[in-house]
Amino acid sequence: MRSLSASPVTHSVPMANEQHTRSASVRPRVEPQRSASRGDPRDVLARLTRGPDRAGRVTHTEHLPPRNGRHAEWPDRIRPEVIDAVQQTGIDRPWEHQARAAAHALDGDSVIIATGTASGKSLSYLVPVLSTLLDGSEAPNGRGATALYLSPTKALAADQRRAVTHLATPLGTGVRAAVFDGDTPVEEREWVRLYANYVLTNPDMLHRGLLPGHSRWSSFLRALRYVVVDECHTYRGVFGSHVAQVLRRLRRVCARYGSEPVFLLASATAAAPGEGAARLTGVRPVEITEDTSPRGETVFALWEPPLTELEGERGAPVRRTATAEAAELLTDLAAQEVRTVAFVRSRRGAELISLIAQDRLAALPAPRRPGPAGSPAPGAAHDTGATPGSRGAGESHGAGDPVPGAKRPAGLSARIAAYRGGYLPEERRALERALHTGELLGLAATNALELGIDISGLDAVLITGYPGTRASLWQQAGRAGRAGQGALAIMIARDEPLDTYLVHHPESVFHTPVESTVLDPHNPYVLAPHLCAAAAELPLTESDFALFGPETPELLGKLEERKLLRRRSSGWHWTRKERAADLTDIRGSGGKPVQVVEEGTGRLLGTVDAGAAHTTVHEGAVHLHQGRTYVVRRLDLEDSAALVEEASPPWTTMARDTTSLAVLKTEAERPWGDARLCFGSVEVTNQVVSYLRRRLLTGEVLGETKLDLPPRTLRTRAVWWTVTEDQLDAARIDPEILAGSLHAAEHAAIGMLPLFATCDRWDIGGVSIALHPDTLLPTVFVYDGQPGGAGFAERAFHTARGWLTATRDAIAACECEAGCPSCIQSPKCGNANDPLHKRGAVRLLTELLRSAT
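Because the structure is a prediction, the values reported are computed rather than measured.

Q: Before we go on, may I ask you to explain the overall build of the chain in this structure?
A: Scanning the chain from terminus to terminus reveals 26 helices and 30 strands. By residue count, 62% of the 853 residues in the chain fall in the buried class. Taking contacts inside the chain between residues at least 6 apart in sequence as the whole, the part at least 24 apart equals 77%.

Structure (structure tokens):
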């Protein structure tokens, strides 16, 4: 494990990746009054790092300098009423990239705008869309042109609806915007179908509602001129592959009604955004990637939590958890009245950070002089009286230890809340309102808030662990400073290989291009149910083969054999009574969501994806909701329900599983000397067998409890490599350490793959075995965690040399003696991280890479 840096590295460069900018906005912004304690981001960071142990936690600080913007003029074809409406919001002229995007949209060119956070992407597509809708409102039916807006989240759609409504107010009834999603009341849906000309929805509703009922939307689809795909970089992996097929079905249905909509896509900066957009939509767009908007200074710190006195599995050293560190920093920032969002990877983590920060702020001494008490935020958790923020080993600040010199205003704990998916609609809307009004001062959020929701006046962002991709990292960092002021961003490393590697290799964060989006719309497990859905919408014909891809003819034959489709003279028809759209969940969760129900009252608390139920709501699991802690008493897989009761255990839980794997087909192979690197189809059998209880904040393992859950089988794709006896001899790997060396290399490789593919370590899995029955050699597998694959293993195959080199370097650079969570231990290992051999893994990977091509 690396030692803490005594003198943090500081560097200033022009920002080449996602950029913090001040944008032409679609709503007038009210700049919050900045108190003296909030100040400059450099000053805020200096106060956070006051004290010798705090200063040593910052391994690198990057100063991203401010940048001036370049203006242009809107195209002449934009209606003057729309330009006047924009100017009424305080925006006199657009940035150059906004004007270019608008011109392409009016020319009928599909376009992708891949510029920095807060660079005004929304206005880039809104201005031409509103102008076209205004033209269409003069048609005899009042709806000569329509537009469809697609958002990956309900929250973003609701935010965009507010923005459109505000901007279009001076345009009267010429623009009629409405949200159509699962929360839309039934009585409003008919009005949306018949009268709205700007409909905001999500891919799920398009898949399950609009396309299956397209005949009721005929007048809207006949006039459809634009399809806006916002935050399109989020459509990756299996979810992105499903959305790609939904968009192809949309294009097909539109053609039935005589329309050919233009696609307007907005994305965070990404490698080859045009290629990714073409895979997503099937249409090649114009790329606009030069960001001409201004930005304030961003101070970006990489932060490594300290070592504790605790020992983990096999006596490994343990760092303080990133969750505990984020809760402490959120507390300190709130005490300074620095408006902050703390992003965290999991729903549980968001709830936990919020709860700890609330408790610590409630424990602060009363203010020396009166200050305004924050009103309770709607949906914010109540103080429970629990003390999960008690001081643990390795902590420098506990409850009641604010940063020196910080204000201590009353009522701050009521201005902290959590925001995540799975909340009920009314809870979600209340939190969004509280954000917009400024009632909330600190928020612990999952990536449900990462996207383009307009949050003005934020001063700081905490990123609790690397979010899986550089695109997401810069997207989250860009949420601060959105009103043009300076901003502070801090990435807090988790105790695992990739995070540790990044905080000690800042060039991989600040000097490496963002990734290309990985998706595979031709995955047969994805394509087959969409062919059924398309056939139910309109009979499939051979003319559709080019739209859906080369796998289509073979799959249609298989669907005929399964009696899902029937071929007639007019094409392939859906034969069942049930809805074809119900064959698949485009979020890839693999079944009906599991309802989380309070046992004593029957109250529905929320839902959990079916695919995650075995690991998150198994019997004994700790479940957090709105700041309250529940323990799962029973998981009923037959009825898709988890029964919980409120409790306050001083631990969290983590599921463990076991996995076996069989090779079905080798699709590609590459010799690395005597070793072989392969890619192909595999069948994985997985079973959750137990769960660990870990002490809050410290992560100390308190015990393990066995579970009796059924195994699950997955057909997917994998990358694997084999080594020969001669290579093992050259690497000095004897039989006693072979299994541990392979196992350690597997863990570290899984941890490092997100640096090379747009995945999360929880999207992939791995198996290592000293003698695999299919290869008859020592073999390490890394596989996609979704049926049919998600493209991650294929990306790993094509980048294997760089990926495995970084894996070896990360293990070798860690200063621990025999392995720790920062290098070779995995938080989800079903074998309790045993056996592992650190030095053997380094020697094995070195020998493997000796002949790599």
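Q: When you look at a negative patch on the surface in this model, what are you seeing that I'm missing?
A: A cluster of acidic residues, Asp 674, Glu 725, Asp 726 and Asp 729, forms a negative patch at the surface. With respect to the element layout, Asp 726 can be found in helix H22 (residues 725-730).

Q: When you look at the nonpolar core in this model, what are you seeing that I'm missing?
A: Inside soluble globular proteins, nonpolar side chains tend to come together where they are buried. If you look at the biggest cluster of nonpolar residues, it comprises 91 residues, and the most contacted ones within it are Phe 300, Met 491, Trp 672, Leu 753, Trp 803 and Leu 804. Not counting the four nearest positions on each side in its chain, Leu 804 is found in contact with Trp 672, Trp 721, Ala 749, Leu 845, Leu 848 and Leu 849.

Q: Explain the packing of aromatic side chains here, please?
A: We describe a pair of aromatic rings using the distance from one ring centre to the other and the angle between the two ring planes. The tally for this structure, following the rule as stated, stands at twelve aromatic pairs. Judged by centre distance (5.9 Å) and plane angle (45°), the ring pair of Phe 545 and Trp 572 falls under tilted. Of this pair, Phe 545 sits in helix H19 (residues 545-548) while Trp 572 sits in strand E19 (residues 571-574), and the two are 27 residues apart along the sequence. Linked through ring pairs, Phe 180, Trp 217 and Phe 220 together constitute an aromatic cluster. Stacked on the ring of Phe 180, the Lys or Arg Arg 189 has its end atom at 5.6 Å from the ring centre. Between Arg 693 and the ring centre of Trp 651, over which it is positioned, the NZ or CZ distance is 5.1 Å.

Q: Would you mind showing me how to read the pairing of strand E7 (residues 224-229) here?
A: Every regular strand shows the same layout, with side chains that alternate between the two sheet faces. Across the six residues that make up E7, a large majority, five, are buried. One ladder, built from five bridges, connects strand E4 (residues 146-150) with E7; its direction is parallel. Pairing of Leu 148 across the sheet is with Val 227, part of E7. As defined by bridge partners, E7 adjoins strand E8 (residues 262-267) across four bridges and the pair is classed as parallel. Among the inter-strand pairings, Val 229 is bridged to a residue of E8, identified as Leu 265. Read as a crossover between parallel neighbours, the route from E7 over helix H10 (residues 237-256) to E8 is right-handed.

Q: Mind showing me how you'd approach the environment of Gly 766 here?
A: Checked against the element boundaries, Gly 766 lands in strand E29 (residues 764-769). The class of Gly 766 is buried, set by a relative accessible area of 18%. Spatially, the C-alpha atom of Gly 766 lies 7.5 Å from that of His 747, the residues being 19 residues apart in sequence. Contacts of Gly 766, omitting those with residues within four sequence positions, involve Glu 746, Ile 750, Phe 781, Val 782 and Tyr 783.

Q: Whenever I open this one, the side chain of Ser 508 confuses me. Can you help?
A: Structurally, the position occupied by Ser 508 is in helix H17 (residues 507-510). Contact partners of Ser 508, with chain neighbours within four places excluded, come to Arg 470, Tyr 501 and Leu 502.

Conventions and cut-offs
Residues numbered from 1 in each chain as written. Predicted model: local features only at pLDDT ≥ 70, side-chain atom pairs only at ≥ 80, totals over all residues. Heavy atoms only, no water. Helix = DSSP H or I, 4+ residues; strand = E, 2+ residues; numbered from the N terminus. Buried < 20%, exposed > 50% of the residue type's maximum accessible area, 1.4 Å probe, protein only. Contact = heavy atoms within 4.5 Å. Patch = residues over 30% accessible without salt bridge, like charges linked within 9 Å, V, L, I, M, F, W, Y side chains within 5 Å. Areas by Shrake-Rupley, 256 points an atom, 1.4 Å probe, with all protein chains shown as cover. Salt bridge = Lys/Arg side-chain N within 4 Å of Asp/Glu carboxyl O. Lys, Arg positive; Asp, Glu negative; His and termini not counted. Charge placed at Lys NZ, Arg CZ, Asp CG, Glu CD. Core = buried A, V, L, I, M, F, W, Y, C linked by side-chain atoms within 4.5 Å. Phe/Tyr/Trp six-rings, centres within 6.5 Å; stacked < 30°, edge-to-face > 60°. Lys NZ or Arg CZ within 6 Å of the ring centre and 35° of its normal. Pairing = 2+ DSSP bridges. Right-handed = clockwise from strand over helix to strand, strands pointing away.

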